[in-house]
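Given next are the chains, with one letter for each unit.
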Amino acid sequence: MSSLCLPDSLTPLLMHVEPLLAAADKYQLGEQVSVDWSESETVDIQFEERQFSLVFNPDGADITGYKVLDQWIAPYPSVSEMQQLVAQKPNLIVSGLPTEKGCIDIWHHNGEARAVYCHHAGASEPQRAMLMVALALDFPLEDAVTLARAHARGYMESHMDGYGETGWPMSRELFPRALTANHPEAEDLGWTCKEAAVEPFAATDPAKLALYPVVDSAEWVERLLDLGVATTQLRIKDENDSTLEAQIKQVIAAGKAHQAQVYLNDHWQLAVEHKAYGVHLGQEDLDTADLVAIQQAGLRLGLSTHGYYEILRAAEFSPSYIALGHIFPTTTKEMPSKPQGVNRLALYHKLIGEAFPTVAIGGIDLSRAEKVWRTGVNGIAVVRAVTQAEDPKAALDDFNQLLVRHEPAKDATDAE
Ligand SMILES: Cc1ncc(COP(=O)(O)OP(=O)(O)O)c(N)n1
Ligand SMILES: Cc1ncsc1CCOP(=O)(O)O
Ligand SMILES: [Mg+2]
(Lines give C-alpha, C1' and ligand atoms only; values in the text may rest on other atoms or scores of the structure.)
(Ligands and ions follow the chains in the order given, each with its own letter.)
Protein backbone atom coordinates (compact mmCIF):
# COMPACT_ATOMS: atom_id res chain seq x y z
CA MET A 1 0.00 0.00 0.00
CA SER A 2 1.35 3.46 -0.81
CA SER A 3 -0.14 6.84 -0.08
CA LEU A 4 -0.60 10.13 -1.85
CA CYS A 5 -1.41 13.16 0.27
CA LEU A 6 -2.44 16.37 -1.50
CA PRO A 7 -2.39 19.89 -0.11
CA ASP A 8 -5.88 21.40 0.23
CA SER A 9 -5.15 23.74 -2.67
CA LEU A 10 -4.79 20.76 -5.04
CA THR A 11 -7.92 18.83 -4.06
CA PRO A 12 -9.60 19.81 -7.39
CA LEU A 13 -7.09 17.39 -8.95
CA LEU A 14 -8.89 14.49 -7.25
CA MET A 15 -11.30 14.27 -10.19
CA HIS A 16 -8.27 13.36 -12.34
CA VAL A 17 -6.42 11.29 -9.74
CA GLU A 18 -9.26 8.88 -9.02
CA PRO A 19 -9.85 7.61 -12.60
CA LEU A 20 -6.12 7.12 -13.01
CA LEU A 21 -5.92 5.06 -9.84
CA ALA A 22 -8.92 3.05 -11.05
CA ALA A 23 -7.12 2.42 -14.37
CA ALA A 24 -3.93 1.41 -12.55
CA ASP A 25 -6.02 -0.96 -10.49
CA LYS A 26 -7.70 -2.42 -13.57
CA TYR A 27 -4.39 -3.10 -15.29
CA GLN A 28 -2.71 -4.06 -11.97
CA LEU A 29 0.15 -1.63 -12.47
CA GLY A 30 1.23 -1.36 -8.85
CA GLU A 31 0.22 -1.38 -5.23
CA GLN A 32 -3.03 0.14 -4.01
CA VAL A 33 -2.66 3.87 -3.41
CA SER A 34 -4.59 5.57 -0.62
CA VAL A 35 -5.41 9.24 -1.19
CA ASP A 36 -5.66 11.88 1.48
CA TRP A 37 -5.26 15.63 1.84
CA SER A 38 -3.73 17.88 4.42
CA GLU A 39 -2.79 21.46 5.19
CA SER A 40 0.77 20.80 4.09
CA GLU A 41 2.06 22.91 1.17
CA THR A 42 3.51 19.88 -0.53
CA VAL A 43 2.27 16.71 -2.20
CA ASP A 44 3.55 13.90 0.01
CA ILE A 45 4.12 10.44 -1.40
CA GLN A 46 4.99 7.39 0.63
CA PHE A 47 5.98 4.14 -1.01
CA GLU A 48 7.12 1.39 1.36
CA GLU A 49 9.94 3.02 3.39
CA ARG A 50 10.50 5.73 0.81
CA GLN A 51 8.89 9.07 1.44
CA PHE A 52 9.25 12.16 -0.68
CA SER A 53 7.42 15.31 -1.58
CA LEU A 54 6.60 17.31 -4.65
CA VAL A 55 5.84 20.99 -4.86
CA PHE A 56 4.53 22.95 -7.82
CA ASN A 57 6.08 26.36 -8.56
CA PRO A 58 7.29 27.07 -5.00
CA ASP A 59 7.96 30.68 -3.97
CA GLY A 60 10.74 29.91 -1.53
CA ALA A 61 14.04 28.59 -2.85
CA ASP A 62 14.59 25.86 -0.28
CA ILE A 63 12.24 22.93 -0.29
CA THR A 64 13.00 19.26 0.04
CA GLY A 65 11.64 16.91 -2.59
CA TYR A 66 10.93 17.53 -6.24
CA LYS A 67 10.35 21.08 -7.35
CA VAL A 68 8.09 21.16 -10.41
CA LEU A 69 8.02 24.28 -12.58
CA ASP A 70 4.95 24.09 -14.78
CA GLN A 71 3.59 27.63 -15.03
CA TRP A 72 5.32 29.78 -17.60
CA ILE A 73 5.02 33.46 -18.31
CA ALA A 74 6.59 34.97 -21.44
CA PRO A 75 9.40 35.67 -22.13
CA TYR A 76 10.19 31.98 -21.56
CA PRO A 77 13.64 30.79 -20.55
CA SER A 78 15.58 29.06 -23.32
CA VAL A 79 15.75 25.28 -23.59
CA SER A 80 19.55 25.29 -23.33
CA GLU A 81 19.40 27.41 -20.15
CA MET A 82 16.93 24.95 -18.61
CA GLN A 83 18.98 21.96 -19.77
CA GLN A 84 22.00 23.34 -17.93
CA LEU A 85 20.00 24.23 -14.82
CA VAL A 86 18.36 20.80 -14.51
CA ALA A 87 21.73 19.10 -15.03
CA GLN A 88 22.88 20.92 -11.88
CA LYS A 89 19.70 20.42 -9.83
CA PRO A 90 18.66 16.80 -9.28
CA ASN A 91 15.32 17.79 -7.78
CA LEU A 92 14.17 20.18 -10.46
CA ILE A 93 11.50 19.16 -12.98
CA VAL A 94 10.81 21.54 -15.84
CA SER A 95 7.36 20.67 -17.09
CA GLY A 96 5.73 21.84 -20.30
CA LEU A 97 8.20 24.64 -21.04
CA PRO A 98 6.75 26.30 -24.16
CA THR A 99 8.98 26.33 -27.24
CA GLU A 100 8.38 27.79 -30.69
CA LYS A 101 6.60 24.68 -31.97
CA GLY A 102 5.63 22.74 -28.86
CA CYS A 103 6.68 22.05 -25.31
CA ILE A 104 9.45 20.23 -23.49
CA ASP A 105 9.67 18.34 -20.18
CA ILE A 106 13.14 18.18 -18.62
CA TRP A 107 14.36 16.22 -15.60
CA HIS A 108 17.64 15.20 -14.02
CA HIS A 109 19.30 11.83 -14.60
CA ASN A 110 22.74 10.90 -13.28
CA GLY A 111 24.31 14.35 -13.51
CA GLU A 112 22.67 15.37 -16.77
CA ALA A 113 19.34 16.55 -18.09
CA ARG A 114 16.98 14.37 -20.08
CA ALA A 115 13.92 15.52 -21.97
CA VAL A 116 10.84 14.58 -23.91
CA TYR A 117 9.35 16.88 -26.51
CA CYS A 118 6.02 17.13 -28.33
CA HIS A 119 3.99 19.63 -30.33
CA HIS A 120 0.85 19.79 -28.19
CA ALA A 121 1.14 20.00 -24.42
CA GLY A 122 -2.39 18.84 -23.57
CA ALA A 123 -4.26 19.71 -20.40
CA SER A 124 -2.35 20.79 -17.31
CA GLU A 125 -4.48 19.34 -14.48
CA PRO A 126 -4.48 15.77 -15.85
CA GLN A 127 -0.74 16.20 -16.40
CA ARG A 128 -0.16 17.05 -12.73
CA ALA A 129 -2.47 14.27 -11.62
CA MET A 130 -0.62 11.63 -13.63
CA LEU A 131 2.76 12.85 -12.40
CA MET A 132 1.66 12.29 -8.80
CA VAL A 133 -0.16 9.02 -9.46
CA ALA A 134 2.72 7.49 -11.41
CA LEU A 135 5.19 8.42 -8.66
CA ALA A 136 2.85 6.96 -6.03
CA LEU A 137 2.71 3.76 -8.11
CA ASP A 138 6.52 3.70 -7.90
CA PHE A 139 7.24 4.44 -11.54
CA PRO A 140 10.68 6.04 -11.86
CA LEU A 141 10.67 9.82 -12.28
CA GLU A 142 11.41 9.68 -16.02
CA ASP A 143 8.43 7.39 -16.58
CA ALA A 144 6.17 9.54 -14.41
CA VAL A 145 7.08 12.66 -16.43
CA THR A 146 6.59 10.81 -19.71
CA LEU A 147 3.26 9.29 -18.68
CA ALA A 148 2.09 12.67 -17.38
CA ARG A 149 2.63 14.30 -20.76
CA ALA A 150 0.94 11.40 -22.61
CA HIS A 151 -2.06 11.59 -20.30
CA ALA A 152 -2.30 15.39 -20.63
CA ARG A 153 -2.47 14.93 -24.40
CA GLY A 154 -4.91 12.01 -24.29
CA TYR A 155 -7.23 13.90 -22.01
CA MET A 156 -7.15 17.03 -24.14
CA GLU A 157 -7.75 15.10 -27.37
CA SER A 158 -10.66 13.17 -25.94
CA HIS A 159 -12.30 16.43 -24.92
CA MET A 160 -11.66 18.03 -28.30
CA ASP A 161 -12.73 15.30 -30.70
CA GLY A 162 -13.66 12.33 -28.55
CA TYR A 163 -10.75 10.24 -29.88
CA GLY A 164 -8.21 10.63 -27.09
CA GLU A 165 -7.69 8.47 -24.03
CA THR A 166 -8.87 9.56 -20.63
CA GLY A 167 -7.73 6.39 -18.89
CA TRP A 168 -4.21 5.02 -18.81
CA PRO A 169 -2.35 6.30 -21.92
CA MET A 170 -1.50 3.51 -24.32
CA SER A 171 -1.13 4.62 -27.91
CA ARG A 172 2.22 5.77 -29.20
CA GLU A 173 0.79 8.95 -30.80
CA LEU A 174 -0.02 10.37 -27.38
CA PHE A 175 3.48 9.92 -26.05
CA PRO A 176 6.09 12.63 -26.48
CA ARG A 177 9.36 11.82 -28.24
CA ALA A 178 12.58 11.38 -26.30
CA LEU A 179 14.86 14.23 -27.25
CA THR A 180 18.01 12.76 -28.80
CA ALA A 181 20.24 13.70 -31.71
CA ASN A 182 17.86 11.74 -33.95
CA HIS A 183 15.05 14.23 -33.34
CA PRO A 184 14.92 16.57 -36.35
CA GLU A 185 14.21 19.59 -34.13
CA ALA A 186 16.84 18.92 -31.43
CA GLU A 187 19.33 21.41 -32.85
CA ASP A 188 16.78 24.19 -33.47
CA LEU A 189 15.50 23.72 -29.94
CA GLY A 190 19.00 24.31 -28.58
CA TRP A 191 19.13 20.87 -26.94
CA THR A 192 22.70 19.56 -26.59
CA CYS A 193 23.09 15.85 -27.34
CA LYS A 194 26.04 13.61 -26.51
CA GLU A 195 25.11 10.96 -29.03
CA ALA A 196 25.26 11.20 -32.83
CA ALA A 197 22.26 10.84 -35.11
CA VAL A 198 22.05 7.40 -36.71
CA GLU A 199 20.08 5.77 -39.55
CA PRO A 200 17.71 2.85 -38.81
CA PHE A 201 19.34 -0.51 -38.11
CA ALA A 202 18.97 -3.58 -40.31
CA ALA A 203 15.91 -5.71 -39.55
CA THR A 204 15.98 -8.93 -37.58
CA ASP A 205 13.52 -11.72 -38.40
CA PRO A 206 10.84 -11.46 -35.68
CA ALA A 207 9.55 -14.96 -36.46
CA LYS A 208 12.94 -16.31 -35.38
CA LEU A 209 12.97 -14.40 -32.08
CA ALA A 210 10.37 -16.46 -30.24
CA LEU A 211 12.84 -18.34 -28.07
CA TYR A 212 16.04 -16.40 -27.52
CA PRO A 213 18.52 -18.13 -25.17
CA VAL A 214 21.34 -15.95 -23.83
CA VAL A 215 24.47 -17.93 -22.94
CA ASP A 216 28.02 -17.33 -21.78
CA SER A 217 30.22 -19.46 -24.02
CA ALA A 218 30.76 -20.32 -27.67
CA GLU A 219 30.34 -23.95 -26.69
CA TRP A 220 26.80 -23.21 -25.50
CA VAL A 221 26.00 -21.20 -28.65
CA GLU A 222 27.11 -24.07 -30.88
CA ARG A 223 25.21 -26.60 -28.81
CA LEU A 224 22.02 -24.55 -29.11
CA LEU A 225 22.44 -23.97 -32.83
CA ASP A 226 22.87 -27.71 -33.34
CA LEU A 227 19.59 -28.17 -31.47
CA GLY A 228 17.86 -25.83 -33.93
CA VAL A 229 17.79 -22.55 -31.96
CA ALA A 230 17.23 -19.70 -34.44
CA THR A 231 18.28 -16.73 -32.28
CA THR A 232 20.80 -16.66 -29.47
CA GLN A 233 23.26 -14.33 -27.78
CA LEU A 234 26.82 -14.72 -26.55
CA ARG A 235 27.05 -12.82 -23.27
CA ILE A 236 30.56 -12.90 -21.81
CA LYS A 237 30.83 -10.33 -19.01
CA ASP A 238 34.53 -10.93 -18.18
CA GLU A 239 36.40 -8.17 -20.04
CA ASN A 240 39.70 -10.00 -19.37
CA ASP A 241 38.63 -13.34 -20.79
CA SER A 242 41.62 -14.21 -22.99
CA THR A 243 39.40 -16.39 -25.20
CA LEU A 244 36.87 -13.64 -25.87
CA GLU A 245 37.83 -12.79 -29.45
CA ALA A 246 38.26 -16.45 -30.42
CA GLN A 247 34.82 -17.27 -29.00
CA ILE A 248 33.31 -14.32 -30.85
CA LYS A 249 34.78 -15.51 -34.16
CA GLN A 250 33.57 -19.03 -33.43
CA VAL A 251 29.94 -18.01 -32.80
CA ILE A 252 29.84 -15.71 -35.82
CA ALA A 253 30.99 -18.58 -38.06
CA ALA A 254 28.56 -21.01 -36.41
CA GLY A 255 25.68 -18.55 -36.77
CA LYS A 256 26.40 -18.15 -40.49
CA ALA A 257 26.63 -21.92 -40.99
CA HIS A 258 23.23 -22.39 -39.33
CA GLN A 259 21.65 -19.26 -40.85
CA ALA A 260 20.84 -18.24 -37.30
CA GLN A 261 20.60 -14.81 -35.66
CA VAL A 262 23.56 -14.72 -33.28
CA TYR A 263 23.82 -11.52 -31.25
CA LEU A 264 26.90 -10.46 -29.27
CA ASN A 265 26.39 -8.71 -25.96
CA ASP A 266 28.46 -5.56 -25.25
CA HIS A 267 31.52 -6.20 -27.46
CA TRP A 268 30.43 -4.06 -30.37
CA GLN A 269 33.94 -3.26 -31.67
CA LEU A 270 34.76 -6.95 -32.11
CA ALA A 271 31.28 -7.51 -33.53
CA VAL A 272 31.89 -4.85 -36.19
CA GLU A 273 35.42 -6.07 -36.89
CA HIS A 274 34.31 -9.67 -37.41
CA LYS A 275 30.99 -8.84 -39.10
CA ALA A 276 28.62 -10.34 -36.57
CA TYR A 277 24.91 -10.72 -37.25
CA GLY A 278 24.02 -8.30 -34.46
CA VAL A 279 24.89 -6.62 -31.17
CA HIS A 280 22.88 -6.26 -27.98
CA LEU A 281 23.51 -3.10 -25.96
CA GLY A 282 22.23 -1.69 -22.67
CA GLN A 283 21.09 1.87 -21.92
CA GLU A 284 24.48 2.96 -20.57
CA ASP A 285 26.17 1.66 -23.73
CA LEU A 286 24.15 4.17 -25.75
CA ASP A 287 26.35 6.95 -24.36
CA THR A 288 29.62 5.31 -25.37
CA ALA A 289 29.13 2.85 -28.24
CA ASP A 290 29.63 4.05 -31.81
CA LEU A 291 26.11 3.36 -33.09
CA VAL A 292 26.93 4.87 -36.45
CA ALA A 293 29.78 2.37 -36.96
CA ILE A 294 27.50 -0.52 -35.94
CA GLN A 295 24.72 0.65 -38.26
CA GLN A 296 27.04 1.34 -41.21
CA ALA A 297 28.57 -2.13 -40.87
CA GLY A 298 25.04 -3.52 -41.40
CA LEU A 299 24.80 -5.16 -37.98
CA ARG A 300 21.45 -5.54 -36.23
CA LEU A 301 21.02 -3.81 -32.89
CA GLY A 302 19.00 -4.96 -29.87
CA LEU A 303 18.52 -2.47 -27.03
CA SER A 304 17.65 -3.09 -23.37
CA THR A 305 14.94 -0.98 -21.76
CA HIS A 306 13.38 -0.91 -18.30
CA GLY A 307 10.39 1.41 -18.62
CA TYR A 308 8.44 3.99 -20.63
CA TYR A 309 11.09 6.64 -21.13
CA GLU A 310 13.82 4.17 -22.05
CA ILE A 311 11.50 2.60 -24.62
CA LEU A 312 10.89 6.01 -26.19
CA ARG A 313 14.62 6.71 -26.11
CA ALA A 314 15.47 3.34 -27.66
CA ALA A 315 12.86 3.89 -30.38
CA GLU A 316 14.67 7.06 -31.46
CA PHE A 317 17.62 4.91 -32.58
CA SER A 318 15.36 2.60 -34.68
CA PRO A 319 16.91 -0.62 -33.39
CA SER A 320 16.27 -4.12 -34.77
CA TYR A 321 14.40 -5.07 -31.59
CA ILE A 322 13.64 -3.64 -28.15
CA ALA A 323 14.21 -5.80 -25.07
CA LEU A 324 11.88 -5.23 -22.11
CA GLY A 325 12.91 -6.25 -18.64
CA HIS A 326 13.48 -7.49 -16.22
CA ILE A 327 9.99 -8.99 -16.02
CA PHE A 328 10.46 -11.20 -12.93
CA PRO A 329 13.17 -11.28 -10.26
CA THR A 330 16.39 -12.81 -11.55
CA THR A 331 19.61 -14.03 -9.99
CA THR A 332 21.51 -13.94 -13.27
CA LYS A 333 22.16 -10.20 -13.23
CA GLU A 334 22.09 -7.51 -10.57
CA MET A 335 19.35 -5.14 -11.62
CA PRO A 336 19.13 -1.51 -10.44
CA SER A 337 15.45 -1.37 -11.44
CA LYS A 338 12.50 -3.35 -10.09
CA PRO A 339 10.90 -6.29 -11.87
CA GLN A 340 8.32 -4.88 -14.27
CA GLY A 341 5.79 -7.71 -14.12
CA VAL A 342 3.58 -8.94 -16.93
CA ASN A 343 0.98 -6.18 -16.68
CA ARG A 344 3.42 -3.36 -17.31
CA LEU A 345 5.04 -5.52 -20.00
CA ALA A 346 1.69 -5.72 -21.83
CA LEU A 347 1.46 -1.92 -21.87
CA TYR A 348 5.04 -1.53 -23.08
CA HIS A 349 4.43 -3.98 -25.89
CA LYS A 350 1.27 -2.14 -26.87
CA LEU A 351 3.10 1.20 -26.85
CA ILE A 352 5.76 -0.16 -29.21
CA GLY A 353 3.09 -1.81 -31.37
CA GLU A 354 4.35 -2.93 -34.76
CA ALA A 355 7.13 -0.36 -34.83
CA PHE A 356 9.82 -2.75 -33.51
CA PRO A 357 9.95 -6.41 -32.52
CA THR A 358 9.90 -6.86 -28.73
CA VAL A 359 11.75 -9.33 -26.50
CA ALA A 360 10.90 -9.94 -22.84
CA ILE A 361 13.72 -10.96 -20.47
CA GLY A 362 14.30 -11.66 -16.80
CA GLY A 363 13.22 -14.55 -14.60
CA ILE A 364 11.19 -16.24 -17.32
CA ASP A 365 10.87 -19.99 -17.05
CA LEU A 366 8.49 -22.44 -18.66
CA SER A 367 5.82 -21.90 -16.02
CA ARG A 368 5.80 -18.14 -16.66
CA ALA A 369 6.38 -18.19 -20.40
CA GLU A 370 2.74 -18.53 -21.42
CA LYS A 371 1.51 -15.39 -19.70
CA VAL A 372 4.50 -13.47 -21.01
CA TRP A 373 3.79 -14.76 -24.54
CA ARG A 374 0.15 -13.70 -24.25
CA THR A 375 1.23 -10.06 -23.95
CA GLY A 376 2.08 -10.30 -27.67
CA VAL A 377 5.88 -9.94 -27.39
CA ASN A 378 7.82 -11.36 -30.33
CA GLY A 379 10.45 -13.08 -28.25
CA ILE A 380 11.30 -14.47 -24.85
CA ALA A 381 14.96 -14.32 -23.79
CA VAL A 382 16.07 -16.78 -21.14
CA VAL A 383 19.31 -17.66 -19.40
CA ARG A 384 18.77 -20.11 -16.51
CA ALA A 385 15.67 -21.73 -17.97
CA VAL A 386 17.94 -23.27 -20.58
CA THR A 387 21.45 -23.28 -19.11
CA GLN A 388 20.33 -24.73 -15.77
CA ALA A 389 17.78 -27.14 -17.18
CA GLU A 390 18.47 -30.77 -16.35
CA ASP A 391 17.84 -31.57 -19.99
CA PRO A 392 18.36 -28.43 -22.14
CA LYS A 393 17.04 -30.14 -25.27
CA ALA A 394 13.81 -31.04 -23.52
CA ALA A 395 13.57 -27.46 -22.18
CA LEU A 396 13.95 -26.06 -25.71
CA ASP A 397 11.29 -28.46 -26.99
CA ASP A 398 8.89 -27.42 -24.24
CA PHE A 399 9.42 -23.71 -24.95
CA ASN A 400 9.08 -24.24 -28.69
CA GLN A 401 5.75 -25.99 -28.24
CA LEU A 402 4.45 -23.10 -26.20
CA LEU A 403 5.82 -20.17 -28.19
CA VAL A 404 3.65 -20.52 -31.26
CA ARG A 405 1.21 -17.95 -32.56
CA HIS A 406 -1.98 -19.75 -33.53
CA GLU A 407 -3.86 -16.51 -34.09
CA PRO A 408 -3.04 -12.80 -34.20
CA ALA A 409 -1.55 -11.74 -30.86
CA LYS A 410 -4.34 -10.91 -28.44
CA ASP A 411 -4.10 -7.53 -26.90
CA ALA A 412 -3.50 -8.39 -23.27
CA THR A 413 -4.47 -4.87 -22.20
CA ASP A 414 -7.99 -5.34 -23.57
CA ALA A 415 -8.60 -8.46 -21.52
CA GLU A 416 -11.21 -7.90 -18.84
C1 LIG B 1 17.83 -9.95 -25.03
C2 LIG B 1 18.56 -9.21 -23.97
N3 LIG B 1 17.90 -8.30 -23.22
C4 LIG B 1 18.53 -7.62 -22.25
C5 LIG B 1 19.87 -7.84 -22.01
C6 LIG B 1 20.60 -7.05 -20.97
O7 LIG B 1 21.58 -6.24 -21.58
P8 LIG B 1 22.33 -5.10 -20.74
O9 LIG B 1 21.31 -4.20 -20.18
O10 LIG B 1 23.35 -4.50 -21.62
O11 LIG B 1 23.02 -5.91 -19.57
P12 LIG B 1 24.16 -7.02 -19.72
O13 LIG B 1 23.56 -8.21 -20.41
O14 LIG B 1 25.27 -6.45 -20.54
O15 LIG B 1 24.57 -7.33 -18.34
C16 LIG B 1 20.52 -8.79 -22.80
N17 LIG B 1 21.83 -9.06 -22.63
N18 LIG B 1 19.85 -9.46 -23.77
C1 LIG C 1 20.85 -10.32 -18.92
C2 LIG C 1 19.61 -9.88 -18.28
N3 LIG C 1 19.11 -8.65 -18.50
C4 LIG C 1 17.97 -8.41 -17.86
S5 LIG C 1 17.49 -9.71 -16.94
C6 LIG C 1 18.83 -10.61 -17.45
C7 LIG C 1 19.09 -11.99 -16.99
C8 LIG C 1 17.99 -12.95 -17.26
O9 LIG C 1 18.37 -14.19 -16.76
P10 LIG C 1 17.33 -15.29 -16.30
O11 LIG C 1 16.57 -15.72 -17.52
O12 LIG C 1 18.21 -16.39 -15.76
O13 LIG C 1 16.48 -14.69 -15.23
MG1 LIG D 1 25.34 -4.89 -21.94
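Definitions and limits used
Residues numbered from 1 in each chain as written. Chains lettered and ligands numbered in written order. Predicted model: local features only at pLDDT ≥ 70, side-chain atom pairs only at ≥ 80, totals over all residues. Heavy atoms only, no water. UniProt positions renumbered as here; feature names shortened; annotations may be inferred. Helix = DSSP H or I, 4+ residues; strand = E, 2+ residues; numbered from the N terminus. Buried < 20%, exposed > 50% of the residue type's maximum accessible area, 1.4 Å probe, protein only. Polar contact = N/O pair within 3.5 Å; in protein donor to acceptor, adjacent residues only side chain to side chain. Near = heavy atom within 4 Å. Areas by Shrake-Rupley, 256 points an atom, 1.4 Å probe, with all protein chains shown as cover. Nonpolar A, V, L, I, M, F, W, Y, C, P; charged D, E, K, R; others polar. Domains from an automatic or database assignment. Buried area = accessible area lost by both parts, 1.4 Å probe. Salt bridge = Lys/Arg side-chain N within 4 Å of Asp/Glu carboxyl O. Pairing = 2+ DSSP bridges. Axes fitted to C-alpha atoms, helices over the stretch in contact; angles between N-to-C directions. Contact = heavy atoms within 4.5 Å. Core = buried A, V, L, I, M, F, W, Y, C linked by side-chain atoms within 4.5 Å.

> Where do I start with the UniProt feature "binding site: Mg(2+)" (unreviewed entry) in the protein chain in this structure?
Cross-referencing UniProt, the feature "binding site: Mg(2+)" (unreviewed entry) maps to D266 and D285 in the present numbering. For the annotated residues, spread through 20 residues, the largest C-alpha to C-alpha distance comes to 7.7 Å, consistent with a single compact locus. Here D266 lies in the loop between β12 (261-265) and α8 (268-273). By relative accessible area, D266 is classed as buried at 18%. At 2.5 Å, the side chain of D266 and the side chain of K237 are in polar contact. Tracing the sequence through the fold places D285 in the loop between β13 (278-281) and α9 (291-296). For D285, a relative accessible area of 21% gives the class partly exposed. There is a polar contact of 2.5 Å between the side chain of D285 and the backbone nitrogen of G282.

> What is the right way to look at the site of ligand 1 in this model?
In the vicinity of ligand 1 there are 16 residues, among which Q233, R235, K237, S304 and K333 approach most closely. In the complex, the protein chains occlude 92% of the 420 Å² of accessible area that ligand 1 would expose alone. For the shell around ligand 1, the class distribution of residues is six nonpolar, five polar and five charged.

> Would you mind going over the domain arrangement of the protein chain with me for this structure?
Interfaces are frequently sized by the accessible area removed from exposure as the parts join. In terms of domains, the protein chain is made up of domain 1 (2-189) and domain 2 (206-402). A straight line from the C-alpha centre of domain 1 to that of domain 2 covers 32 Å. Taking both sides of the interface into account, the surface hidden between domain 1 and domain 2 amounts to around 2,000 Å²; carbon and sulfur atoms contribute 55%. Broken down residue by residue, the surface that domain 1 buries against domain 2 is led by R114, M170 and R172, which jointly contribute 27%. On inspection of domain 1 and its partner domain 2, the count reaches two salt bridges. We note a salt bridge from D138 to K338, for which the minimum N-O separation is 2.5 Å. Joining domain 1 to domain 2, the criterion identifies nine residue pairs in polar contact (both at pLDDT 80 or more). Elements that contribute at least two residues to the side of domain 1 that touches domain 2 include exactly β8 (112-118), α4 (141-161) and β9 (177-178). For the side of domain 1 that touches domain 2, the residue count by class is 14 nonpolar, seven polar and seven charged.

> What should I look at first to understand the sheet that holds strand β17 (residues 379-382) in this one?
Adjacent strands of a sheet form backbone hydrogen bonds with each other and so pair up, either parallel or antiparallel. Here we have eight strands rolled up into a closed barrel, ordered β10-β11-β12-β13-β14-β15-β16-β17, and parallel in their pairing. On average, adjacent strands in this sheet sit at an angle of 25° to one another, irrespective of strand direction. Note: strand β14 (residues 300-305) against strand β15 (residues 321-324), four bridges, orientation parallel. Counted as the bridge partner of T305 is L324 from β15. Across the sheet, helix α6 (residues 218-226) touches β10 (211-215), β11 (231-234) and β12, and the angle it forms with β11 is around 175°.

> Sorry, what's going on with the nonpolar core here?
Across soluble globular proteins, you tend to see nonpolar side chains buried next to one another. L4, W168 and L291 are the most contacted members of the largest nonpolar core, which totals 109 residues. Ranked by residues supplied to this core, first place goes to helix α3 (residues 124-136) with eight residues. Both domain 1 (2-189) and domain 2 (206-402) contribute no fewer than three residues apiece to this core. When residues no more than four places from it in sequence are discounted, the contact partners of W168 are L20, A23, A24, Y27, L29, M130, V133, L137, F139, L147, Y308 and L347. Counting 16 residues, the second-largest nonpolar core is a separate cluster that includes L69, Y117, L189 and W191.

> Would you explain the environment of E195 in this entry?
For E195, the position within the fold is in the loop between α5 (186-189) and β10. Separated by 13 residues in sequence, E195 and N182 have C-alpha atoms that sit 8.8 Å apart. For E195, the contacting residues outside a window of four places in its chain are T180, A181, L286 and F317. Of the polar contacts made by the side chain of E195, one reaches the backbone nitrogen of A181; its length is 2.6 Å.

> Looking at this structure, I do not really get the pattern of salt bridges. What am I missing?
Close approach of charged atoms lets side chains of opposite charge pair. Counted under the stated rule, the structure contains 11 salt bridges. Here K194 makes a salt bridge to E112, at a shortest N to O gap of 3.1 Å. Linking K194 in the loop between α5 and β10 with E112 in strand β8, this pair joins segments that are 82 residues apart in sequence. The salt bridge partner of R313 is D287, with a shortest N-O separation of 3.0 Å. Linking R313 in helix α10 (residues 308-316) with D287 in the loop between β13 and α9, this pair joins segments that are 26 residues apart in sequence. Judged by its relative accessible area of 5%, R313 is buried. For D287, a relative accessible area of 35% puts it in the partly exposed group. What emerges from the salt-bridge pattern is a single network uniting E112, K194, D287 and R313.

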